[in-house]
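Chain residues, written in single-letter form:
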Amino acid sequence: MPANTNSIDIFIPVLNESRIIKNNILKVYSIFVKSNYDYQIYVIDDGSDDETPRVVKKLVNKKIHYIRFQNGHTRRENLFKAMNENGNSNIVCFIDIARIDPKYILTLADKMNEYDVIAGSRYTKTLYIKRKIFRMLVSFFFNIFWLFIMRSKIKDGNCGLKLFKRKAFVDLYNWLDYDYGLERGWLADRMILKRAEKLNYNVGEFQVRWIDRNESSFSLKQELQIIQYMLKNFRKIFIELR
C-alpha cells in the first residue's frame with residue numbers, strides 16, 4: 001500500500017521508564033491530536049523489566065500501540081526493525097522522549113516537504129546541552145571521526161530525534177539490516193545518516209533542546225563493542241559509506 005500523505009508514524013523507544021513514560025506518551029498525543037497530521041504512536045519496549053509494560057498497555061488505543069521485544073537491550077536494532085515493519089505513514093520518526101521535547105517532532109515534520117531525512121542536533125551555534133563530561137568527550141571524538149574521516153556533513157548523528165520519508169527509510173534500512181551480534185549500538189544512527197548522504201538524499205539538521213539524564217544507558221563497554229563491529233564490517237563502514 002502507498003504511504004498516506006500528511007501523516008506520521010512516531011516511534012518511542014523505552015527501557016525501564018515506568019515512572020515517566022505515561023506523561024511522555026500523553027505529551028506526544030496531546031500535540032498531535034490537535035495537529036493536521038494523521039498520526040500513529042508506537043511505543044517500542046526494548047526489554048523492560050520494571051512496570052513499563054503494565055503502564056503502557058493501559059494507554060493503548062487506536063492511536064497508541066505497544067510493541068515489546070524480549071532480546072533487549074539492543075539500543076537501535078529493535079527500534080529500527082519496528083520502524084521498518086510497522087506503520088504506513090508518509091513520515092516515520094523516532095524520538096528519545098525522555099530527553100527531547102516532543103514539540104520538535106511537529107516542528108520538523110512541517111519541514112519534511114523539503115527533506116528526505118532530518119536529524120535533530122545538539123551541536124549548533126545556539127547550543128543548549130547539559131551532559132556529563134565523560135560522555136560528552138566520547139561523543140566529541142566519535143563525531144570528529146565521522147566528520148573528518150568519514151566526511152559526513154552531519155554534526156550530530158546520535159541525537160535521539162530523526163525523521164525520514166518512509167520510502168527513504170525503507171531503502172536505507174534494507175542496506176543497514178539488523179545486527180544480530182548487537183555490537184553496533186548507536187553507530188546505526190551514524191551509518192544510516194551517512195548512507196543517506198552517499199545516496200544523495202536531501203538531509204537536514206536542526207537544533208533541538210536536549211538534556212542528559214542520570215538514567216543514561218551509556219556504557220564504555222558497549223561503546224567499545226562499536227569498534228569491534230567496525231573492524232568486523234570494515235567494507236560496509238569504510239568502503240560502502242565513504
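Residues numbered from 1 in each chain as written. Predicted model: local features only at pLDDT ≥ 70, side-chain atom pairs only at ≥ 80, totals over all residues. Heavy atoms only, no water.

A. Representation of the overall build of the protein in the model. Looking only at helices and strands, the protein has nine helices and nine strands in total. Residues counted as buried form 51% of the 242 residues belonging to the protein. (Helix = DSSP H or I, 4+ residues; strand = E, 2+ residues; numbered from the N terminus. Buried < 20%, exposed > 50% of the residue type's maximum accessible area, 1.4 Å probe, protein only.)

B. Local environment of the packing of aromatic side chains. According to the stated counting rule, one finds 13 aromatic pairs in the structure shown. An aromatic cluster of at least three residues, connected via ring pairs, comprises Phe80, Phe94, Phe164, Phe169 and Tyr173. The ring of Tyr104 carries Lys103 above its face, with NZ or CZ at 5.4 Å from the centroid. (Phe/Tyr/Trp six-rings, centres within 6.5 Å; stacked < 30°, edge-to-face > 60°. Lys NZ or Arg CZ within 6 Å of the ring centre and 35° of its normal.)

C. Summary view of the pattern of salt bridges. All chains considered together, the criterion is met by 13 salt bridges. The partner of Arg166 in a salt bridge is Asp9, and the shortest N-O contact between them spans 2.7 Å. One end of the pair, Arg166, is in helix H6 (residues 166-176); the other, Asp9, is in strand E1 (residues 4-14), with 157 residues separating them in the sequence. Assigned by exposure class, Arg166 and Asp9 land together as buried. Glu240 serves as the salt-bridge partner of Arg235, at 3.9 Å between the closest nitrogen and oxygen. Taking the relative accessible area as the measure of exposure, Arg235 reaches 55% and is therefore exposed. Connected via shared salt-bridge partners are Arg76, Lys162 and Asp189. (Salt bridge = Lys/Arg side-chain N within 4 Å of Asp/Glu carboxyl O.)

D. Layout of the nonpolar core. Counting residues in hydrophobic clusters, the biggest one holds 36 residues, and the most contacted among them are Phe11, Phe80, Met83, Phe164, Leu187 and Met191. Ranked by the residues each element gives to this core, the list is headed by helix H7 (residues 187-198), at six residues. Among all residues touching Phe80, those that are not within four sequence positions of it are Phe94, Phe169, Tyr173, Leu176, Ala188, Asp189 and Ile192. In terms of nonpolar packing, the next biggest core, distinct from the first, is built from 34 residues, Val55, Tyr66, Ile97 and Trp210 among them. (Core = buried A, V, L, I, M, F, W, Y, C linked by side-chain atoms within 4.5 Å. Contact = heavy atoms within 4.5 Å.)

E. Examining H7 more closely. If you check H7, its first and last C-alpha atoms are 16 Å apart, about what 12 residues at 1.5 Å a residue would give, namely 16 Å. Counted residue by residue, H7 has 11 buried out of 12 residues, so it is predominantly covered. Among all positions of H7, only Leu187, Ala188, Asp189, Arg190, Met191, Ile192, Leu193, Lys194, Arg195, Ala196 and Glu197 are buried. (Expected span 1.5 Å × (residues − 1).)

F. Quick look at the packing of H6 against H7. At their nearest, the axes of H6 and H7 sit 10 Å apart, and the two run at 120° to each other. As far as their axial angle goes, H7 and H6 are oblique. H7 is crossed by H6, and the crossing has right-handed handedness. In this structure, H6 contributes Phe169, Leu172, Tyr173, Trp175 and Leu176 to the contact, and H7 contributes Ala188, Met191, Ile192, Arg195 and Ala196. Of the residues assigned to the contact of H6 with H7, the class counts are nine nonpolar, no polar and one charged. (Axes fitted to C-alpha atoms, helices over the stretch in contact; angles between N-to-C directions. Parallel < 35°, antiparallel > 145°, perpendicular 65-115°, else oblique. Left-handed = near helix turned anticlockwise from the far one by under 90°. Nonpolar A, V, L, I, M, F, W, Y, C, P; charged D, E, K, R; others polar.)

Function cannot be read off these values alone, since they describe shape.
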